[in-house]
Amino acid sequence: MDPIITPIVIILGKYALDRGVELAKEVGPAALEKAKEMFGMVLERVGRKKPETAAEFPQDPETYQRPLEKGLDAEVAADSEYAARLKALLAEYEQAAQAHAAASGTTYRAELKGSGAIALGRGAGGGGAGGVAVGGSVRGSTVITGHGNVVGDHSRSSVRSGEKA
């Protein structure tokens, strides 16, 4: 999947929740305009081939995040000019959001020593060593972490040093 897809869809999901009211508080009016432009571009383009996804995403971004990501990834892969425009809009959004944060006095500083993770800012999330960070729903999924885990019926085998004996 193209690396611009997930960040764009996350922004669009935040925008869709309340047409950007809360997002505007977080990123400011200039970044909100870029989010609004991306929202229109993406839903119009994906809606050509996946009309249900484009129609339902604004009402239920969590459920339709993955289908929108897949549809958008296909469009970006098929049209390099469209991909370049979205990449530019994402960069403009990020620049405007950073300018808003700096102007509002929002700053963060963190230092990590050893293993782990740092997540700063409103809505930030992260997973440290052996952890899981989820940006959407994992409903119906199995998540396994750690080292040397055995899944299934291994009544006739043993596990040593992460290798099946």
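Since we're looking at a predicted model, the values are computed, not measured. (Residues numbered from 1 in each chain as written. Predicted model: local features only at pLDDT ≥ 70, side-chain atom pairs only at ≥ 80, totals over all residues. Heavy atoms only, no water.)

Caption draft 1: Just the overall build of the protein, in detail. Each helix and strand counted, the protein has five helices and two strands in total. Starting at the N terminus and walking to the C terminus, you meet the elements of the protein as α-α-α-α-α-β-β. The 165 residues of the protein split such that 27% are buried. Summarising the internal contacts of the protein: among those between residues at least 6 apart in sequence, 56% fall at separations of at least 24. Total accessible area on the protein is roughly 10700 Å²; 49% of this is exposed by carbon and sulfur atoms. (Helix = DSSP H or I, 4+ residues; strand = E, 2+ residues; numbered from the N terminus. Buried < 20%, exposed > 50% of the residue type's maximum accessible area, 1.4 Å probe, protein only. Contact = heavy atoms within 4.5 Å. Areas by Shrake-Rupley, 256 points an atom, 1.4 Å probe, with all protein chains shown as cover.)

Caption draft 2: Representation of the side chain of Arg45 in the model. Relative to the helices and strands, Arg45 is located in helix α2 (residues 21–49). Residues in contact with Arg45, not counting those within four places in the same chain, are Glu75, Asp79 and Tyr82.

Caption draft 3: Expanded view of the nonpolar core. Of all hydrophobic cores here, the largest spans 33 residues; its most connected members are Ile8, Val42, Phe57, Leu72 and Leu86. Going through the elements one at a time, α1 (5–18), α2, α4 (61–78) and α5 (80–103) are the ones with two or more residues in this core. The leading source of residues in this core is α2, at 11 residues. Among all residues touching Leu72, those that are not within four sequence positions of it are Ile5, Ile8, Val9, Val42, Val46, Tyr82 and Leu86. (Core = buried A, V, L, I, M, F, W, Y, C linked by side-chain atoms within 4.5 Å.)

Caption draft 4: Representation of the packing of aromatic side chains within the structure. Evaluation of the coordinates by the stated rule reveals one aromatic pair. Ring geometry for Tyr15 and Phe39: centres 4.8 Å apart, planes at 55°, overall tilted. Taken together, the residues Tyr15 in helix α1 and Phe39 in helix α2 connect sequence positions 24 residues apart. Judged on exposure class, the residue Tyr15 and its partner Phe39 are both buried. (Phe/Tyr/Trp six-rings, centres within 6.5 Å; stacked < 30°, edge-to-face > 60°.)

Caption draft 5: Quick look at the environment of Leu68. Within the fold, Leu68 resides in helix α4. Separated by 14 residues in sequence, Leu68 and Ala54 have C-alpha atoms that sit 7.4 Å apart.

Caption draft 6: Inspection of a nonpolar patch on the surface at higher detail. A surface patch of nonpolar side chains, about 300 Å² in accessible area, is lined by Val132, Val134, Val138 and Val143. Note that Val134 resides in the loop between α5 and β1 (159–160). Among the residues examined, Val134 registers a relative accessible area of 44% and is labelled partly exposed. (Patch = residues over 30% accessible without salt bridge, like charges linked within 9 Å, V, L, I, M, F, W, Y side chains within 5 Å. Salt bridge = Lys/Arg side-chain N within 4 Å of Asp/Glu carboxyl O.)

Caption draft 7: Up close: the packing of α1 against α4. Where α1 meets α4, the closest approach of the two axes is 10 Å, and the angle between their N-to-C directions is 135°. On the basis of their axis angle, the class for α1 and α4 is oblique. Handedness of the α1/α4 crossing: right-handed. Mapping the contact onto sequence places Ile5, Thr6, Ile8, Val9, Ile10, Leu12, Gly13, Ala16 and Leu17 in α1 and Pro61, Gln65, Leu68, Glu69, Leu72, Asp73 and Val76 in α4. Split by residue class, the contact of α1 with α4 holds 11 nonpolar, three polar and two charged. (Axes fitted to C-alpha atoms, helices over the stretch in contact; angles between N-to-C directions. Parallel < 35°, antiparallel > 145°, perpendicular 65-115°, else oblique. Left-handed = near helix turned anticlockwise from the far one by under 90°. Nonpolar A, V, L, I, M, F, W, Y, C, P; charged D, E, K, R; others polar.)

Caption draft 8: Main features of α1. If you check which residues of α1 are buried, you get Ile5, Ile8, Val9, Ile11, Leu12, Gly13, Tyr15 and Ala16. If you follow the buried residues of α1, they end up packed against α2, α4 and α5. At the C-terminal side of α1, Arg19 shows a positive phi close to 60°.

Any link to function would need more than the numbers given here.
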